[in-house]
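Chain residues, written in single-letter form:
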Amino acid sequence: MAENAPADVKTLSFELAIEELESIVKRLEDGKVALEESVTIYERGEALKRRCEELLRRAEARVEKITTDASGQVTGTEPLDVQ
């Protein structure tokens, strides 16, 4: 892998993926990128967006809601319904 080659999207943390995605959006909004490079970085941006969505879905699946009884005592946990 070349020294300046972008990291594999599948291995990026949410924070790194969102940071790179924000950078891509800014570059595209500035409009100073050649057409071919615009297409290339747009495609990478789409992959980064999918990675962020995947990581968010995983995090949501891990979040649990604490359940309590009428007196406020913790009785356990159940999956959080985040609809």
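Residues numbered from 1 in each chain as written. Predicted model: local features only at pLDDT ≥ 70, side-chain atom pairs only at ≥ 80, totals over all residues. Heavy atoms only, no water.

Looking up the protein in an unreviewed UniProt entry gives the name Exodeoxyribonuclease 7 small subunit, with the organism given as Nitrobacter winogradskyi. Check the Catalytic activity (unreviewed entry) section of the UniProt entry for the protein; it says "Exonucleolytic cleavage in either 5'- to 3'- or 3'- to 5'-direction to yield nucleoside 5'-phosphates." Recorded in UniProt under Subunit (unreviewed entry), the annotation for the protein is "Heterooligomer composed of large and small subunits." (UniProt positions renumbered as here; feature names shortened; annotations may be inferred.)

Enquirer: I'd like a rundown of the environment of Glu19, residues and numbers included.
Expert: Summarising the element assignment, Glu19 is placed in helix H1 (residues 14-30). Between the C-alpha atom of Glu19 and that of Leu48, which follows or precedes it by 29 residues, the distance is 9.6 Å. (Helix = DSSP H or I, 4+ residues; strand = E, 2+ residues; numbered from the N terminus.)

Enquirer: Requested: an account of the nonpolar core, with residues and values cited.
Expert: Counting residues in each nonpolar core, the largest one holds 10 residues, listed as Val9, Leu12, Ala17, Leu21, Ile24, Val33, Ile41, Ala47, Leu48 and Cys52. Those elements giving two or more residues to this core turn out to be H1 and helix H2 (35-62). Broken down by element, this core gets its largest block of residues, four residues, from H2. Not counting chain neighbours up to four residues away, the residues in contact with Val9 comprise Arg44, Ala47, Leu48 and Arg51. (Core = buried A, V, L, I, M, F, W, Y, C linked by side-chain atoms within 4.5 Å. Buried < 20%, exposed > 50% of the residue type's maximum accessible area, 1.4 Å probe, protein only. Contact = heavy atoms within 4.5 Å.)

Enquirer: Describe the pattern of salt bridges, and please don't skip the residues or the numbers.
Expert: All chains considered together, the criterion is met by six salt bridges. When the shortest N-O distance is used, the salt bridge between Asp30 and Lys26 registers 3.5 Å. Within this pair, Asp30 and its partner Lys26 are both found in helix H1, separated by four residues, close to a single helical turn. Here Glu53 makes a salt bridge to Lys49, at a shortest N to O gap of 3.4 Å. Here Lys49 and Glu53 lie together in helix H2, a separation of four residues that amounts to about one turn. Overall, Lys49 belongs to the partly exposed group, its relative accessible area being 35%. Overlapping salt bridges, with partners in common, bring together Arg51, Glu54 and Arg58 in one network. (Salt bridge = Lys/Arg side-chain N within 4 Å of Asp/Glu carboxyl O.)

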